[in-house]
Amino acid sequence: MATGTQQRTIANPGAEKSLQIKAALEMRTQAVEMGLPSYMKGQGERLTAISLMYFNKKPDLHGIPPAEFVRCVMEAAQFGFAIDGKMAYVVKYKSAYEMQLSYMGLIAALKRCGSIGDISSDVVSRSDHFRAARYATGDILEHEYQLGADRSDII
């Protein structure tokens, strides 16, 4: 006869892995804290808790070894992020798991370190007037479109 813990594990195979990840994160929370940028000090426990919630929402991550997930959490923490699926997430490449910043996380990190002041994007269609040029004296970016015009032919 199966015990209560064994029954829960059989009913929810991710539960056991979640407990393993939680234990591994708890053991490394101090290391996560030490890796945080100065403006994030004191947030190590919060970042690991957010990362655990992300793990629990992603069944495709249930194959990740706990040490690998903790490594990804620590890498994200160095940028001041949790593994949350918004600013940073875990991606499996073949048999390796890697932390990856989202485009929003990358922009936030670049703004924080002063590498960029601002960044924007826009959709350009064939019917738009668009001109971009880079000169030694500066960049030119012109983008104009008519309101109400058919802009379905995106380039």
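Residues numbered from 1 in each chain as written. Predicted model: local features only at pLDDT ≥ 70, side-chain atom pairs only at ≥ 80, totals over all residues. Heavy atoms only, no water.

## Looking at the pairing of strand S2 (residues 96–101)
Phase 1 of the analysis: Only one face of S2 is covered, namely the face carrying Tyr97, Met99 and Leu101; the face carrying Ala96, Glu98 and Gln100 is uncovered.
Phase 2 of the analysis: In this sheet, S2 lies alongside strand S1 (residues 88–93) in antiparallel orientation, the contact comprising six bridges. In the sheet register, Val90 faces S2, and the bridge partner there is Met99.
Phase 3 of the analysis: The hairpin formed by S1 and S2 contains two residues between the paired strands, and Lys94 there has a positive phi angle of roughly 55°. (Buried < 20%, exposed > 50% of the residue type's maximum accessible area, 1.4 Å probe, protein only. Helix = DSSP H or I, 4+ residues; strand = E, 2+ residues; numbered from the N terminus. Pairing = 2+ DSSP bridges.)

## A closer look at the nonpolar core
Taken as a class, soluble globular proteins show a tendency for nonpolar side chains to be buried jointly.
Phase 1 of the analysis: Counting residues in hydrophobic clusters, the biggest one holds 28 residues, and the most contacted among them are Leu61, Ile64, Phe69, Ile83 and Val90.
Phase 2 of the analysis: For this core, the elements supplying multiple residues, two or more each, are helix H2 (13–35), helix H3 (44–57), helix H4 (66–78), S1, S2 and helix H5 (103–112).
Phase 3 of the analysis: Sort the elements by how many residues they give to this core and H4 lands first, with six residues.
Phase 4 of the analysis: Setting aside anything within four residues of it in sequence, one finds Phe69 in contact with Ile21, Leu25, Ser51, Phe55, Leu61, Ile64, Ile83 and Val90. (Core = buried A, V, L, I, M, F, W, Y, C linked by side-chain atoms within 4.5 Å. Contact = heavy atoms within 4.5 Å.)

## Here we look at the pairing of strand S4 (residues 138–144)
Phase 1 of the analysis: Here strand S3 (residues 129–135) pairs with S4 via seven bridges, running antiparallel. Along S4, the bridge assignment pairs His129 with Glu144.
Phase 2 of the analysis: Taking the residues that link successive antiparallel strands as the turn, the S3-S4 hairpin has two residues.

## Things to note about the packing of aromatic side chains
Phase 1 of the analysis: Tallying each qualifying case throughout the model produces one aromatic pair.
Phase 2 of the analysis: Taking the centre distance of 5.4 Å and the plane angle of 65° together, the rings of Phe55 and Phe69 count as edge-to-face. Here Phe55, found in helix H3, pairs with Phe69, found in helix H4; they are 14 residues apart in sequence, far enough to count as distant.
Phase 3 of the analysis: With a relative accessible area of 0%, Phe55 lands in the buried category.
Phase 4 of the analysis: Lying across the ring of Tyr145, Arg151 places its NZ or CZ 3.8 Å from the centre. (Phe/Tyr/Trp six-rings, centres within 6.5 Å; stacked < 30°, edge-to-face > 60°. Lys NZ or Arg CZ within 6 Å of the ring centre and 35° of its normal.)

## So, the pattern of salt bridges
Phase 1 of the analysis: By the definition in use, this model includes eight salt bridges.
Phase 2 of the analysis: If you follow the salt bridges from partner to partner, you end up with Glu68, Arg71, Glu75 and Glu98 in one network. (Salt bridge = Lys/Arg side-chain N within 4 Å of Asp/Glu carboxyl O.)

## Digging into the environment of Cys113
Phase 1 of the analysis: Structurally, the position occupied by Cys113 is in the loop between H5 and S3.
Phase 2 of the analysis: For Cys113 and Leu61, which are 52 residues apart along the polypeptide, the C-alpha to C-alpha distance reads 31 Å.

## Quick look at the side chain of Lys17
Phase 1 of the analysis: Position of Lys17 among the secondary structure elements: in helix H2.
Phase 2 of the analysis: Excluding residues within four positions of it along the chain, Lys17 makes contact with Phe55, His62, Gly63, Ile64, Pro65 and Pro66.

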